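# Per-entry structural report
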Amino acid sequence: MGTYYNNLTIHIVDRFYVNIGCAFFGLLNNIASSSGAISMFMLALERQLAYRWVNIYEDKPRTLGCALGMIMIIQSTTIGLTAWYFVLFYFDNFDVNKSRISCIPTHLHWEWEVTGFGVATVSCSVGAVWLCTLQKHTKVSRQNRLTLSSLSARYQATENLHTTASVAPSMFMYAIGAAMGFLVGLYRRYLVQQYGENTIVSKFLGDVGFVLVDIYTICHLLCILCYNPIIRNGAKRDIKTLLCIKTEPTIVKCDYSKETEAYFGFFKDAWK
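Residue numbers restart at each chain and count upward from 1, following the sequence in its written direction. For this predicted model, a pLDDT threshold of at least 70 governs which residues receive local features, and a threshold of 80 or more governs which side-chain atom pairs are given and counted, while totals over whole chains, interfaces and linings are taken from all residues. Note: side-chain values were computed over all heavy atoms of the structure, leaving out hydrogens and water.

On to the UniProt feature "transmembrane region" (unreviewed entry) in the protein chain, then. UniProt positions are given in the numbering used here, feature names are shortened, and annotations may be inferred rather than shown by experiment. The sites that UniProt annotates as "transmembrane region" (unreviewed entry) are residues 16–45, 66–91, 114–134, 171–190 and 210–230. Taken end to end, residues 114–134 is 100% helix and 0% strand, and its first and last C-alpha atoms sit 30 Å apart. To qualify as a helix, a DSSP run of H or I must reach at least 4 residues; to qualify as a strand, a run of E must reach at least 2; elements of each kind are numbered from the N terminus. The span residues 171–190 is 100% helical and 0% strand by assignment, and the distance between its end C-alpha atoms comes to 29 Å.

What follows is about the packing of aromatic side chains. Aromatic pairs are defined between Phe, Tyr and Trp rings, using the six-membered ring for Trp, whenever the two ring centres lie within 6.5 Å; interplanar angles under 30 degrees are classed as stacked, those over 60 as edge-to-face, and all others as tilted. Applying the stated rule across the entire model yields three aromatic pairs. Centre to centre, the rings of Tyr187 and Tyr190 are 6.4 Å apart; their planes meet at 25°, and the pair counts as stacked. Of the two residues, Tyr187 and Tyr190 are both situated in helix H6 (residues 151–195); the distance of three residues between them amounts to about one turn of the helix. Residue classification places Tyr190 among the partly exposed positions, given a relative accessible area of 45%. Partly exposed residues are those whose accessible area sits between 20% and 50% of the maximum for their type, while under 20% is buried and over 50% is exposed, using a 1.4 Å probe and protein chains only.

Below, the discussion takes up the environment of Leu49. Among the structural elements, Leu49 can be located in helix H2 (residues 16–52). A relative accessible area of 17% means that Leu49 is categorised as buried. For Leu49 and Leu64, which are 15 residues apart along the polypeptide, the C-alpha to C-alpha distance reads 8.5 Å.

By convention a nonpolar core is built from buried Ala, Val, Leu, Ile, Met, Phe, Trp, Tyr and Cys residues, the set being connected through side-chain atoms within 4.5 Å. Formed by Met40, Ala44, Cys124, Ala128, Leu131, Leu134, Val167, Ala168, Met171, Tyr174, Ala175 and Tyr216, the largest nonpolar core amounts to 12 residues. Put simply, the parts of the chain that give this core at least two residues each are H2, helix H5 (110–143) and H6. Examining the composition of this core, we find that five residues originate from one element, H6, more than from any other. For Leu134, the contacting residues outside a window of four places in its chain are Arg47, Gln48, Tyr51 and Thr164. Residues count as neighbours in contact if any of their non-hydrogen atoms are within 4.5 Å of one another.

With that settled, the discussion passes to the pattern of salt bridges. Within this document, salt bridges are pairs made up of a side-chain nitrogen of Lys or Arg and a carboxyl oxygen of Asp or Glu, the two lying within 4 Å of each other. A full pass over the atoms with the stated rule returns one salt bridge. Arg188 is paired through a salt bridge with Glu113; the nearest N and O atoms lie 2.8 Å apart. Taken together, the residues Arg188 in helix H6 and Glu113 in helix H5 connect sequence positions 75 residues apart. Considered together, Arg188 and Glu113 belong to a single accessibility category, that of buried residues.

Below is the structure:
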């Protein structure tokens with residue numbers, strides 16, 4: 001969006017309002033980059049809380065989710081705002097009346113790209129190992145779910161297993177994608193040292209990072225569909241409904257005559 005905005009407004013002479021919008025898009029870009037670097041780690045923390053408080057988690061998921069969401073928003077906004085100010089105004093001397101530079105911070109400095117992907121690589125690697133360990137515990141918790149105090153807690157134990165099983169491989173993919181973005185940033189650093197920052201190749205490599213994040217989003221959805229049977233079955237039903245495919249309900253024929261006879265036998269013996 002920032003690239004499109006910059007290309008659309010680059011020829012406008014009066015730069016004040018244009019640059020206000022440019023600075024706004026730059027701020028959103030920084031906040032989004034910060035959020036991408038720490039959000040998956042917060043997801044691992046959420047899974048840990050769901051496992052730790054399995055008896056009460058289903059009763060208060062919204063409270064915990066809102067708390068974690070607010071923590072992530074505050075962290076992302078603080079980091080993004082600080083980086084936005086130093087990159088745009090301190091290092092680049094951005095002038096709202098005259099500047100014609102790009103709105104995207106990653107187009108201006110390879111350091112921001114390398115730092116963001118570096119933090120994401122570390123946080124997601126730690127989160128992936130954390131979730132793999134947690135997955136073993138959630139499997140044991142589901143096997144022992146009958147010892148839990150309520151039906152909702154037993155359901156939550158099953159949900160924890162399915163969700164953790166789908167998030168763990170997704171976290172590994174994110175770590176791999178972040179590592180690839182980090183390597184792209186280092187290669188961009190080499191090109192900048194050779195040819196300068198403001199080149200088409202430099203901006204292109206800056207956009208590659210966003211493409212990697214988009215690819216990861218697709219992988220994340222695929223992991224949920226593959227490893228979460230509840231969501232997978234729901235998606236299958238939705239697709240069949242959209243395609244107008246009718247499926248005959250499966251009728252399970254069971255013979256309960258022996259069970260019925262045994263039940264009334266026990267009932268009869270109770271009166272003797």
